[in-house]
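Each chain is listed here by its residues.
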There are 4 protein chains.
Amino acid sequence: MIERVKVAVVGVGNNTSALVQGIAYYQQTGSLVGISRPEIDGFGVGDIEFVAAFATSPEKIGKDLTEAIFLPPNNFPRLDCELPAAGVPVTAGLVDDSGIDRVAASLTGADVLLYSAPSGRPVTALAYAEAARRAGVAFVNTTSDAVARDPELLGRFTAAGVPLIGDDLTSQFGTSVLHDTLLRLLAERGLTLVSSYQVNLGGTEDFRNLVANPNTKKQSKLNALSTADKVEVAPLGYLPHLGSQKVAHLNLEAQGWAGTSVSLDVKLKVHDPSGAAGVNIDLIRIAANANRTGRGGYATEATTLLKSPPGTAV
Amino acid sequence: MIERVKVAVVGVGNNTSALVQGIAYYQQTGSLVGISRPEIDGFGVGDIEFVAAFATSPEKIGKDLTEAIFLPPNNFPRLDCELPAAGVPVTAGLVDDSGIDRVAASLTGADVLLYSAPSGRPVTALAYAEAARRAGVAFVNTTSDAVARDPELLGRFTAAGVPLIGDDLTSQFGTSVLHDTLLRLLAERGLTLVSSYQVNLGGTEDFRNLVANPNTKKQSKLNALSTADKVEVAPLGYLPHLGSQKVAHLNLEAQGWAGTSVSLDVKLKVHDPSGAAGVNIDLIRIAANANRTGRGGYATEATTLLKSPPGTAV
Amino acid sequence: MIERVKVAVVGVGNNTSALVQGIAYYQQTGSLVGISRPEIDGFGVGDIEFVAAFATSPEKIGKDLTEAIFLPPNNFPRLDCELPAAGVPVTAGLVDDSGIDRVAASLTGADVLLYSAPSGRPVTALAYAEAARRAGVAFVNTTSDAVARDPELLGRFTAAGVPLIGDDLTSQFGTSVLHDTLLRLLAERGLTLVSSYQVNLGGTEDFRNLVANPNTKKQSKLNALSTADKVEVAPLGYLPHLGSQKVAHLNLEAQGWAGTSVSLDVKLKVHDPSGAAGVNIDLIRIAANANRTGRGGYATEATTLLKSPPGTAV
Amino acid sequence: MIERVKVAVVGVGNNTSALVQGIAYYQQTGSLVGISRPEIDGFGVGDIEFVAAFATSPEKIGKDLTEAIFLPPNNFPRLDCELPAAGVPVTAGLVDDSGIDRVAASLTGADVLLYSAPSGRPVTALAYAEAARRAGVAFVNTTSDAVARDPELLGRFTAAGVPLIGDDLTSQFGTSVLHDTLLRLLAERGLTLVSSYQVNLGGTEDFRNLVANPNTKKQSKLNALSTADKVEVAPLGYLPHLGSQKVAHLNLEAQGWAGTSVSLDVKLKVHDPSGAAGVNIDLIRIAANANRTGRGGYATEATTLLKSPPGTAV
């Protein structure tokens, strides 16, 4: 029997809540519902255990990981499964680049450090990466901060024989993949796009932060589409009632034969943190295998799961 | 400059209306809107002219083709383009297998006979095919009647050096291709389908006929999907107000990570006859080229445009 | 404290399941969610108890009411509340007009007999009504069979001082009320309706039966609208995956100022049996009060809850 | 035969375009499509003529009114009707409170001055009102600037026997009236609202301005609803492709019997300027009648057409 992957996690938000609860769900049910890859390099979806967790919120620090994931502003729902205490108290995390050695020391025995804090704190991200490197623990950066895209840093991981995987996870299923699929389908069938829009609404803390900085996100949404030419992205809407659900409304207006109209309206409803967890479960297993088999640096099999792998623009 | 394809057409319904008007539209505008393949074997979308037309409705017989296409129950809209008289009066068509030689005689000079009558009249379909074979005119069967799937008949076309293309055209863009794309996308992303439905509503004569014979169509709708397992097809709805527009409502309910829900609702609105014309324009050009280059029998480049090419079940 | 209403029920289908479970839910939670009228004549929504139940399905007969409501083909979901055994075994019900005295005898002590069997069995409906009359128990007919509309029968109830309430309950919230509200709103604002449709999809046994007899239902759907002129009702779709949920798609196309277009698309999702229970809870209380205060015959305060009260067409 | 209402208009934007074209449409067709009140005080919808127009955009000044209404950024579509030149050149309008006498002089012979400039220029609005008062012309303020709500000003109009009608027109059909109707319907049927949202998307200059000042509009949207308690309004989206069409997505989640879910999703598509014109046609006729019958000050019959009539908060 394979030895479970030992994971330390930075950030105890909704995505971590979905990951922690979901792993318990799969361990208890043996179900494979919603799972893309039941096994990666011998690791099943339940072959994960948490060994450390870092956060900065005073309310979460000191709580067991399985308790901290339900504290506000987290609002991912409580899944219908048992959740025994992890025996992992949340530890005070880094806020800058001091304390690297303390973190490194506490990573002893871990296979992977999953960096799942909010995007936009590059100094902290790099500090955690350095801690992981020193501890010989594979580092997975799920945020849009440039870590694996830093060639100098990647070189140091490679030299140390430690995996470095990132940056920025793609959701398992979200607005971008859906919109892009529909745009491609129209093009493939010879239809001429006239106009298209997407509206994204959500109720997580993440959404609230993005609303404060809309232009970046809007551009990134357009970048995710193969044909952004006639596509408009409406401002993100932060609607607290939605909780951890995201709702997207898409419209595509096109012309077919002799200019006659083709019209598509779509509503998507999905739990954002689930989309992250469904990809993190794969990144963790890829990173663990790379680490255990001594493959330092970037693991190319992660590329389809990432928006900005090494070599893409910073 | 290439010599235009000379087309005779059987059936003067909505699909023929869309085809005739659309060709005039493309000739006048030079536009390529809604066109999948601007050129096939040197033929542009405007390089078509009609040389004969057959119908059985007394109101249509004797009228110029460009006039007959607007007679009820046809309800494809009048497009915004000039439509000069074709100089092609609609001729009394076959109702069984007598009159083959008369039809064959009137096909002189044609490249292609496009069989665009309602499905469900196999004897008549085969009679027209035989007329085409005798006249050395390529036969295109857009209906679900088994013509190109008849190995004995296909053998005779091959022996005679006359192209035979069919059966049953796929629409350029319709419910099946959209539903299938979404089902595949969910599967590809690892989501687990819980349930899905499609409802199709339309206002054409074609819809009215299908409503009278719903089970066949329902099964054919399911056959068009890669995963029909959890998919339900509601009864077709004949709603005259829709005219030649088809409306489809699709729903897909799935489970993602740890069973959390993913929900997709789609409304599609499209002109059914446009979807047929957008494919007929390609079948005609393929057939014309095969005929002019002396390739008898089936032309394999038509396969992606057909639901039931030779070799599939009758 | 008021003495609880003692209810006997005919039919142990989804509507009875919703009613029985819901009453337990309201008794336990004290909640008033989804309740139109918290109190009617002093009766709260929890002031109901079941004293007898009749059914014809062999699987249900002999089971406790709280167990029988979950047997197939019932598919109303199990609500999240305790459901202690009612101590009411399901009794073999009538299948024609024999056995009236047996039923009457078993109604001793009941205030109300709620007739909640499938529509379309008028002989049986009348037999139960007669049993109720003989036992002095108020009769509530929730089906479209003509009972309260039978003047002779109503006369006998009135003479006996026994309440008779019916026929055919209106749902608390369904397609008809929604569609009608939107049609009225457009008219009120001066818009001109061009066309409108509704599609109803459901997964209950009730839906399955209606699909077998579509024309009646279609006409009844149109009757429920103030302006049926340009409204089309698509065939009902029986989609088992929906369970006890009903989905309706509505579309309204109108013209505003100078003929410019106004377009409305609506999706409604609702539990059909909940819509029935939300009205039955009121009918029961009205009937009980009428009976206890000695008001025989029809109780006019029930009229807004019924599609076909006395005096309407049979 | 009644003497046509002579209207001067301030602002040559989309709303004026819809009004001018629509009146021509009704005059030519005799149609009453989309019309709430065919006749008001003897005036039909075609009994209007334009006698003066004021604008500040250099491109519009000097052009005939029927030409200026199609200049960018206007994007209300060209309706399918003849539009003979009005013989009314657009005149340079006011930008502050100088030039009042010049405007008053040019109003000679007019019945009504329709103030249809963008909201947010109170000084100019009041200057035009004063010009109208001096010229004895009824003033209709369709903007949200406080004019008719100014008691001192209203007093002066009353004293002068000149009508003053405002402020802020309600659209003939828009998101607010639809959302409010649905919220009321749920409440009326006893359902318990859980959450609701609305998203508004549009492509007019008006939308672009509102996006720049979102909070005011959001609050005003909430004010328009009877129950704003659980309703969230997403940020307005300026999507140029929509042109003068507005699209709104509404969602209402409620609980029915025993907390079971009721869900409503709505898409509305409507031309914003049509909604304004459909109300302006009534305001103009009310104002003309008040003026011709010597009723100075506010005309109470306008109240249902206004968001902020006299006496409401400024």
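Counting starts from 1 at the beginning of each chain's written sequence and moves along it residue by residue. Starting at A for chains and at 1 for ligands, labels are handed out in the order in which the entities are written. For a predicted model such as this one, the threshold for reporting local features is a pLDDT of at least 70, and the threshold for listing and counting side-chain atom pairs is 80 or more; totals across whole chains, interfaces and linings nevertheless cover every residue. By convention in this description, side-chain values take in all heavy atoms of the structure and omit both hydrogens and water.

Chain A has the name Inositol-3-phosphate synthase in an unreviewed UniProt entry, where Dactylosporangium siamense is given as its organism.

**Focus on the overall build of chain A**
Numbered from the N terminus, helices here are DSSP runs of H or I no shorter than four residues, and strands are runs of E no shorter than two. From N to C terminus, chain A includes nine helices and 13 strands. The atom set for the radius of gyration is the C-alpha atoms, and the globule formula is 2.2 Å times the number of residues raised to the power 0.38. The C-alpha radius of gyration computed for chain A amounts to 20 Å, which stays within 12% of the reference 20 Å derived for 314 residues, consistent with globular compactness. On the principal axes, the C-alpha backbone points of chain A span a range of 70 × 40 × 40 Å. The cut-offs for exposure are 20% and 50% of the maximum accessible area for each residue type, with area from a 1.4 Å probe on protein chains only; residues under the lower value are buried, those over the upper are exposed, and the others partly exposed. Across the 314 residues of chain A, 58% fall into the buried class. Contacts in chain A between residues at least 24 apart in sequence constitute 77% of all its contacts with a sequence separation of at least 6. Per-residue and other accessible areas were derived by the Shrake-Rupley procedure at a 1.4 Å probe size, with only the shown protein chains allowed to occlude residues. When the accessible surface of chain A is summed, it comes to about 11,600 Å², and 51% of that surface belongs to carbon and sulfur atoms. Within this scheme the basic residues Lys and Arg register as positive and the acidic residues Asp and Glu register as negative, but His and the chain ends are omitted. Just so you know, the charge point we use is NZ for Lys, CZ for Arg, CG for Asp and CD for Glu. Averaged over its 26 positive side-chain charges, chain A has a centre that lies 2 Å from the centre of its 31 negative ones. Contacts are assigned to residue pairs with any non-hydrogen atoms lying within 4.5 Å of each other.

**Describing the interface of chain B and chain A**
Taken together, the contact between chain B and chain A spans 50 residues of the former and 50 residues of the latter. Taken over both partners, the interface formed by chain B and chain A buries close to 3,800 Å², and the fraction arising from carbon and sulfur atoms is 65%. The largest per-residue losses of area from chain B upon contact with chain A belong to Phe173, Arg189 and Trp257 of chain B, which jointly make up 23% of the total buried on that side. One side-chain nitrogen of Lys or Arg within 4 Å of one carboxyl oxygen of Asp or Glu is enough to make a salt bridge. At the junction of chain B and chain A, the tally comes to zero salt bridges. By the criterion applied in these results, polar contacts are pairs of N or O atoms within 3.5 Å in which, for protein atoms, one can donate a hydrogen and the other can accept it, and in which residues neighboring in sequence qualify only through two side-chain atoms. If you look at where chain B meets chain A, you find 18 residue pairs in polar contact (both at pLDDT 80 or more). Taken together, the elements giving at least two residues each to the side of chain B that touches chain A come down to α1 (14–29), α6 (175–188), β12 (245–255), β13 (261–271) and α9 (272–292) of chain B. Of the residues contributing to the side of chain B that touches chain A, the split by class is 26 nonpolar, 19 polar and five charged. Two strands pair under a simple rule: DSSP has to find at least two bridges between them. In terms of strand pairing, strand β13 (residues 261–271) of chain A meets β13 of chain B through nine bridges, oriented antiparallel. If you follow Leu268 of chain A over to β13 of chain B, its bridge partner there is Leu264 of chain B. Accessible area, probed at 1.4 Å, shrinks when two parts are joined; the buried area is that loss added up over both. Here the nonpolar group is Ala, Val, Leu, Ile, Met, Phe, Trp, Tyr, Cys and Pro; Asp, Glu, Lys and Arg are the charged ones; every other residue, Gly included, is treated as polar.

**Here's the deal with the domain arrangement of chain A**
Residue and element names in this part refer to chain A. Residue ranges assigned to each domain were obtained from an automatic or database domain assignment. What the domain assignment reports for chain A is domain 1 (5–170 + 274–305) and domain 2 (175–271). Averaged C-alpha coordinates put domain 1 and domain 2 at centres separated by 29 Å. Listed by partner, the interface residues are seven residues for domain 1 and six residues for domain 2. Taking both sides of the interface into account, the surface hidden between domain 1 and domain 2 amounts to around 480 Å²; carbon and sulfur atoms contribute 52%. Three residues, Pro73, Asn75 and Ser274, lead the burial of domain 1 against domain 2; their summed loss comes to 59% of the area buried on that side. Taken together, the connections running from domain 1 to domain 2 amount to zero salt bridges. Split by residue class, the side of domain 1 that touches domain 2 holds three nonpolar, four polar and no charged.

**Here's the deal with the environment of Thr175 of chain C**
Residues and elements named next belong to chain C. Summarising the element assignment, Thr175 is placed in helix α6 (residues 175–188). Measuring from C-alpha to C-alpha, the distance between Thr175 and Ala55 comes to 29 Å, with 120 residues separating the pair along the chain. In contact with Thr175, other than residues within four places in its own chain, are Gln198, Asn200, Lys221, Lys246, Ala248, Leu250 and Leu268.

**Let's talk about the interface of chain D and chain C**
Listed per partner, the contact involves 50 residues of chain D and 50 residues of chain C. In total, about 3,800 Å² of surface goes out of reach between chain D and chain C, with carbon and sulfur atoms giving 65% of it. For chain D, the biggest contributors to the area lost against chain C are Phe173, Arg189 and Trp257 of chain D; these three give 23% of the whole. Summed over the shared surface of chain D and chain C, the number is zero salt bridges. The tally of links between chain D and chain C comes to 18 residue pairs in polar contact (both at pLDDT 80 or more). For the side of chain D that touches chain C, the elements supplying multiple residues, two or more each, are α1 (14–29), α6 (175–188), β12 (245–255), β13 (261–271) and α9 (272–292) of chain D. For the side of chain D that touches chain C, the element with the most residues is β13 of chain D, which contributes eleven residues. Among the residues making up the side of chain D that touches chain C, the classes are represented as 26 nonpolar, 19 polar and five charged.

**A look at the sheet that holds strand β4 (residues 48–55) of chain C**
Residue and element names in this part refer to chain C. Spatially, β5-β4-β1-β6-β7-β8 is the arrangement adopted by the six strands of the open sheet, whose pairing is parallel. Looking at strand neighbours, the two that pair on one side only are β5 (90–92) and β8 (164–165), the edges of this open sheet. Of the strand pairs in this sheet, β4 and β5 are connected by three bridges, and their pairing is parallel. For Phe54, the partnering residue across the bridge sits in β5 and is Thr91. Axis definition: a line fitted to C-alpha atoms, limited for helices to the stretch in contact. Angles are taken between N-to-C directions and run from 0 to 180 degrees. This element, helix α4 (residues 122–135), spans β1 (5–10), β4, β6 (112–115) and β7 (138–141) of the sheet and lies at about 175° to β6.

**Section: unusual backbone geometry**
Note the cis peptide between Pro72 of chain B and Pro73 of chain B, where omega equals 10°. Inspection of the secondary structure assignment puts Pro73 of chain B in the loop between α2 (65–68) and β5 (90–92). Across the junction of Gly166 of chain B and Asp167 of chain B, the peptide omega takes the value 5°, indicating a cis bond. Looking at where Asp167 of chain B falls in the secondary structure, it is placed in the loop between β8 (164–165) and α6. Positive phi is not limited to glycine here, since Asp168 of chain C has a value of about 70°. Position of Asp168 of chain C among the secondary structure elements: in the loop between β8 and α6.

**With respect to the arrangement of the chains**
Between chain A and chain C there is no contact, and the shortest C-alpha to C-alpha distance separating them is 10 Å. Looking at chain B next to chain D, you find no contact at all, with the nearest C-alpha pair sitting 10 Å apart.

**A short note on the pairing of β1 of chain C**
Residues and elements named next belong to chain C. When you tally the buried positions in β1, you get five out of six residues, the bulk of the element. Pairing of β1 with β4, which is carried by six bridges, proceeds in the parallel orientation. Each residue of the ladder has a partner; that of Ala8, found in β4, is Ala52. Here four bridges tie β1 to β6, and the two strands are oriented parallel to one another. Bridge pairing in β6 places Val7 opposite Val112.

**Regarding the relation of the copies chain D and chain C**
The fit set for superposing copies consists of C-alpha atoms from residues with pLDDT of at least 70 in both; the fit itself is least squares. Take chain D, turn it by 180°, move it 0.0 Å along the axis, and it overlays chain C with an RMSD of 0.1 Å. Given the turn and translation reported, the copies of this chain are related as if by a two-fold rotation axis. The position closest to the rotation axis in chain D is occupied by the C-alpha of Val266 of chain D, lying 2.2 Å away.

**So, α6 of chain C**
Residue and element names in this part refer to chain C. Helices are assigned an expected span. That span is 1.5 Å times one less than the residue count. End to end, α6 covers 20 Å across 14 residues, agreeing with the expected 20 Å (1.5 Å per residue, within 8%). Among the 14 residues of α6, ten are classified as buried, and the element is accordingly described as predominantly covered. Where α6 terminates, the next one or two residues include Gly190, which has phi positive at roughly 85°.

**Considering the packing of aromatic side chains**
Centre distance within 6.5 Å is the pairing criterion for rings of Phe, Tyr and Trp, where only the six-membered ring of Trp is used; planes under 30 degrees apart are then read as stacked, over 60 as edge-to-face, and the remainder as tilted. In the structure shown here, the tally under the stated rule is 20 aromatic pairs over all chains. Residues Tyr115 of chain C and Tyr128 of chain C carry aromatic rings whose centres are separated by 5.8 Å and whose planes lie at 45° to one another, so their mutual orientation is tilted. Remark: Tyr128 of chain C occurs in helix α4 and Tyr115 of chain C occurs in strand β6; sequence separation between them is 13 residues. Tyr128 of chain C gets classed as buried once you look at its relative accessible area, which sits at 2%. A network of ring pairs unites the aromatic residues Phe54, Tyr115, Tyr128 and Phe139 of chain A as a single cluster. Either the NZ atom of lysine or the CZ atom of arginine qualifies as a charge over a ring when it sits within 6 Å of the ring centre and within 35 degrees of the ring normal. The ring centre of Phe70 of chain A lies 3.7 Å from the NZ or CZ of Arg78 of chain A, which sits over that ring.

**Comments concerning the pairing of strand β13 (residues 261–271) of chain C**
All names here are of chain C. With nine of its eleven residues buried, β13 lies for the most part within the structure. Pairing geometry for strand β12 (residues 245–255) and β13, over eleven bridges, is antiparallel. Of the residues in β13, the one forming a bridge with Leu250 is Val266.

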